[in-house]
Amino acid sequence: DTAVSQTPKYLVTQMGNDKSIKCEQNLGHDTMYWYKQDSKKFLKIMFSYNNKELIINETVPNRFSPKSPDKAHLNLHINSLELGDSAVYFCASSRPPGQQWTGSGNTIYFGEGSWLTVV
Amino acid sequence: AQTVTQSQPEMSVQEAETVTLSCTYDTSESDYYLFWYKQPPSRQMILVIRQEAYKQQNATENRFSVNFQKAAKSFSLKISDSQLGDAAMYFCAYNDAGNMLTFGGGTRLMVKP
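Presented here is an overview of the structure given in this document. (Residues numbered from 1 in each chain as written. Chains lettered and ligands numbered in written order. Predicted model: local features only at pLDDT ≥ 70, side-chain atom pairs only at ≥ 80, totals over all residues. Heavy atoms only, no water.)

A few words now on the nonpolar core. Residue and element names in this part refer to chain B. With 25 residues, the main nonpolar core has Y25, W36, F75, L77 and Y90 as its most contacted residues. Listed by contribution, the elements that provide at least two residues to this core are strand 3 (19–21), strand 5 (33–39), strand 6 (46–52), strand 8 (64–69), strand 9 (74–79), strand 10 (88–95) and strand 12 (107–112). Here the element with the most residues in this core is strand 10; it accounts for four residues. Each residue touching Y90, except ones within four places of it in the same chain, is listed here: Q6, L21, W36, Y37, K38, V48, F64, L77, I79, G106, T107 and L109. (Core = buried A, V, L, I, M, F, W, Y, C linked by side-chain atoms within 4.5 Å. Buried < 20%, exposed > 50% of the residue type's maximum accessible area, 1.4 Å probe, protein only. Helix = DSSP H or I, 4+ residues; strand = E, 2+ residues; numbered from the N terminus. Contact = heavy atoms within 4.5 Å.)

Structure representation (structure tokens):
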């Protein structure tokens, strides 16, 4: 069973379109993330949610809007897609702050990535 | 802000030999975790090894081990008996109670048969 799953894995779309990437985790974690990996392979956090509440919001355009209907899901919606949005987007999950110093600790588990290409 | 630096953009190793990937980081925290992730061409992020900063003993996972030097803020990864399947991008990463994983720029490892 996949611990962190995201769909779609591949997405090719035109500039100006709106698209969503869905993410689900079955690890029982309270904290979920979206990371972006650009063409130079640099990985950077975009958002972090703890139990459905936004706790980290890095400098990301307003066109990106995360939504967490429950603590097992964190979806990413992107409006008015631009060429520069082409990247691999990773969903991830972990234990929340305060529970990270026991057991497996502060390990973050990643989904397989969603390859977004904007043409 | 925490930063993670991987000074080797590319490394090459002969199959069955040993290679060491370097990583340094900057933090003012005393409690934190350090990780090495492997990313093959499929782009999946695979956890290789984890080190808790409060532990003096270096972490080991089969052919993978780390050299953690807390005072020097250094966290290198040693791969012994390198295999063709080890070829990938390797990312060093840092996390503390702030709940945010900070990555280095990555090192591409090539394994020669």
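Chain B puts 26 residues into the contact, and the matching count from chain A is 29 residues. Of the roughly 2,200 Å² buried between chain B and chain A, counting both surfaces, carbon and sulfur atoms make up 56%. If you look at where chain B meets chain A, you find zero salt bridges. Elements represented by at least two residues in the side of chain B that touches chain A include exactly strand 5, strand 6 and strand 10 of chain B. Of the residues forming the side of chain B that touches chain A, the biggest block, four residues, is contributed by strand 5 of chain B. (Buried area = accessible area lost by both parts, 1.4 Å probe. Salt bridge = Lys/Arg side-chain N within 4 Å of Asp/Glu carboxyl O.)

Charged atoms that come close allow side chains of opposite charge to pair. Residues and elements named next belong to chain A. Applying the stated criterion across every chain yields a total of seven salt bridges over all chains. For K71, the salt bridge is made with D30, and the minimal N-O distance between the two is 2.8 Å. In this pair, K71 sits in the loop between strand 7 (64–70) and strand 8 (73–78) while D30 sits in the loop between strand 3 (19–25) and strand 4 (31–37), placing the two residues 41 residues apart along the sequence. A salt bridge links R63 to D85; the nearest nitrogen and oxygen atoms lie 2.8 Å apart. Taken together, the residues span a long stretch of sequence, with R63 in the loop between strand 6 (53–57) and strand 7 and D85 in the loop between strand 8 and strand 9 (87–94) at a distance of 22 residues. Note on accessibility: R63 and D85 belong to one class, buried. Within the structure, one salt-bridge network assembled from shared partners comprises R63, E82 and D85.

Another point: the sheet that holds strand 7 of chain A. Residues and elements named next belong to chain A. Across the sheet, which stays open at both edges, the four strands sit in the order 1-3-8-7 with antiparallel pairing between neighbours. Every other strand in the sheet has two partners, leaving strand 1 (4–7) and strand 7 as the edge strands with one partner each. In this sheet, adjacent strand axes meet at a mean angle of 20 degrees when their direction is disregarded. The sheet contact formed by strand 1 and strand 3 spans four bridges and is antiparallel. (Pairing = 2+ DSSP bridges. Axes fitted to C-alpha atoms, helices over the stretch in contact; angles between N-to-C directions.)

Moving on, we get to the pairing of strand 5 (residues 43–50) of chain A. A regular strand places its side chains on the two faces of the sheet in alternate fashion. All names here are of chain A. Counting buried residues along strand 5, six of its eight residues qualify, which places the element largely inside the surrounding structure. For strand 4 and strand 5, the ladder comprises seven bridges, and the chain directions are antiparallel. Directly across from Y33, in strand 5, lies its bridge partner S48. Hairpin connection of strand 4 to strand 5: five residues between the antiparallel strands, including K41 at a positive phi of 75 degrees. As paired strands, strand 5 and strand 6 are joined by four bridges and run antiparallel to one another. Each residue of the ladder has a partner; that of F47, found in strand 6, is N57. Where strand 5 hands over to strand 6, the hairpin turn is made up of two residues, of which N51 adopts a positive phi near 50 degrees.

Worth remembering: the numbers are spatial, not functional.
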